[in-house]
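Chain residues, written in single-letter form:
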Amino acid sequence: MDPQKKYTDSGIEVKQLYTGDDLPLTSNEMPGSFPFTRGVQPDMYRGKLWTMRQYAGFSTAEESNKRYHYLLSQGVSGLSVAFDLPTQIGYDSDHELAEGEVGKVGVAIDSIEDMQTLFKGIKLEDVSTSMTINATGFILLSLYVALAKQQGADLKKISGTIQNDILKEYAARGTYIYPPKPSMRIITDIFEWCSQEVPKWNTISISGYHIREAGSTAVQEIAFTLSNGKAYVQAAQKKGLDINVFGKRLSFFFNAHNNLFEEVAKFRAARRMWATIMKDLGATDPKAMMLRFHTQTGGSTLTAQQPLNNISRVTIQTLAAVLGGTQSLHTNGYDEALSLPTEAAARIALRTQQIVAFESGATDTVDPLAGSYYVETLTRQVEEEAWKLIHKIDAMGGSVSAIEEGFIQDEIARSAYDYQRNIETGEKIIVGVNKFQVEENNSTPILKVDDSIRTVQAEKLKILRSNRDHAKCDQLLQLLSDKASSGENIMPVVVEAVEAKCTLGEIADTLRELYGEYR
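Residues numbered from 1 in each chain as written. Predicted model: local features only at pLDDT ≥ 70, side-chain atom pairs only at ≥ 80, totals over all residues. Heavy atoms only, no water.

Enquirer: Let's hear about unusual backbone geometry: which residues, and what values?
Expert: Here the bond from F34 into P35 is cis, since omega is 5°, no more than 30 degrees from zero. For P35, the location among the structural elements is in the loop between β2 (13-14) and β3 (51-56). Phi at M44 is positive, roughly 40°, even though this residue is not glycine. With respect to the secondary-structure elements, M44 resides in the loop between β2 and β3. With phi around 45°, Q306 is a residue other than glycine that occupies positive phi space. By secondary structure assignment, the location of Q306 is in the loop between β10 (293-297) and α12 (309-323). Of the residues examined, Q306 reaches a relative accessible area of 16% and is grouped as buried. (Helix = DSSP H or I, 4+ residues; strand = E, 2+ residues; numbered from the N terminus. Buried < 20%, exposed > 50% of the residue type's maximum accessible area, 1.4 Å probe, protein only.)

Enquirer: Explain the sheet that holds strand β7 (residues 201-202) to me, and be specific about the residues and the numbers.
Expert: Read from one edge to the other, the open sheet built from nine strands follows the order β7-β6-β5-β4-β3-β11-β10-β9-β8, with strand pairing classed as parallel. Taken across any chain shown, the strands that pair with only one partner, and hence form the sheet edges, are β7 and β8 (204-207). Looking at chain direction, β3 and strand β4 (residues 78-82) are connected through four bridges and run parallel. Bridge pairing links Q54 to L79 in β4. This element, helix α1 (residues 61-73), spans β3 and β4 of the sheet and lies at about 150° to β4. Its contacts with the sheet put helix α13 (residues 343-359) on β3 and β11 (328-330), and the angle it makes with β3 is roughly 165°. (Pairing = 2+ DSSP bridges. Contact = heavy atoms within 4.5 Å. Axes fitted to C-alpha atoms, helices over the stretch in contact; angles between N-to-C directions.)

Enquirer: Pulling in residues and values, what's your account of the side chain of R67?
Expert: Mapped onto the secondary structure, R67 falls in helix α1. No salt bridge is formed by the buried R67. Its closest oppositely charged neighbour is E343, at 4.4 Å. Among residues more than four places away in sequence, those in contact with R67 are A56, F58, P341, T342, E343, A346 and L447. (Lys, Arg positive; Asp, Glu negative; His and termini not counted. Salt bridge = Lys/Arg side-chain N within 4 Å of Asp/Glu carboxyl O.)

On their own, these measurements won't tell you what the molecule is for.
Laid out in structure tokens, this is it:
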């Protein structure tokens, strides 16, 4: 790149001045109408603010439950659950491979009893819950539904989202269990079952967040995410599902980084592109063409050096998400480059959203940056570059093939390398890291999770297993294997299994034996 010129983080050249001559020739697009560039609601935040979530989960279900009650008391309008690594990859806490990881990056959930504790004192009918879970998403959703039934909730009113996006796990994150094809089959089972049983549930949150965290650019983030979305839609159509029905329950999950205008352009371009993709795949209902998305501020942008600077970064990222029209938002704690967020850091993160919502004026009008010479031009350029990548992936046979060939992984790795090299050469300035450094004696409070959590969970599992009907559990696990083999929808039997106190690890292992593990 020419050092005399300016570029966005995706390498798009930024001119010194934009005028009306740069504006793309577009019709008079309106918010709430195809192709939704300007937003999915005609009145956007004047009608309803985005859902303010705080991603939380650590240690035991008891500890996480306390944090949820605290966050609800502080004004969050939706819960967002982080699970520990063993839960994410289908191991009970007492499994040998769980050692050292129980309760560390999220809450440990082994059984229906943990789920009861996690949501103690919280009516599931009254909250919207997002669960960041993929390979074992079908089990966690079953646990949530089983708990809702125990609470006497109307399943038709239960709302929330499971991430359930396995393709980005192969491409960027790594918490997969089964090979791609059986994993895709489980996802379409979830689509089908939820459309009948829990129609307000968002069955997938197609995630660009982790693609970006792995080092992609903004352009790659939406190109790879929308390609994955297309693969899920095509898999569901192959199963005979109606795009106008399941299409309304698809949601997306994007990252917000520091380049304010490129991020806003990215969100606007993604909406326009998804509407076009869904229309081309046969959707006729406008609600099935809407790209609705959750945003999380960029974890990889946070620095361990001068951590209070992260409050400013998160504020810029919050503005990008709001000006870009997000439906839901999580803001990171300033201390997250050091540890899980403390209660104080989580409170500041939530207050950042509330200040933008109630003090900044950013919510007073729809799509406030529309008509900006720069933002409109950048929206078009981001879209053009993203389409080029999508067409490449289509030529390979779609996302599954592109992942199997390593194309997506290689593209992300190359971008991550370039970004890091630019920081090391000083071409990219990170305040407090490669410029404006100070001598630091870091006294930021850190949240520590005790290793004894595994012993606590193992004891709970021992008691659970001694107080259940073993014959019934064995019978249900065998039935799960039979239904998975025959191609029948597995969700009804998984719900029955968790109700009978089968553990997460036992259910995951039943399918491991059948499908094998992806290497």
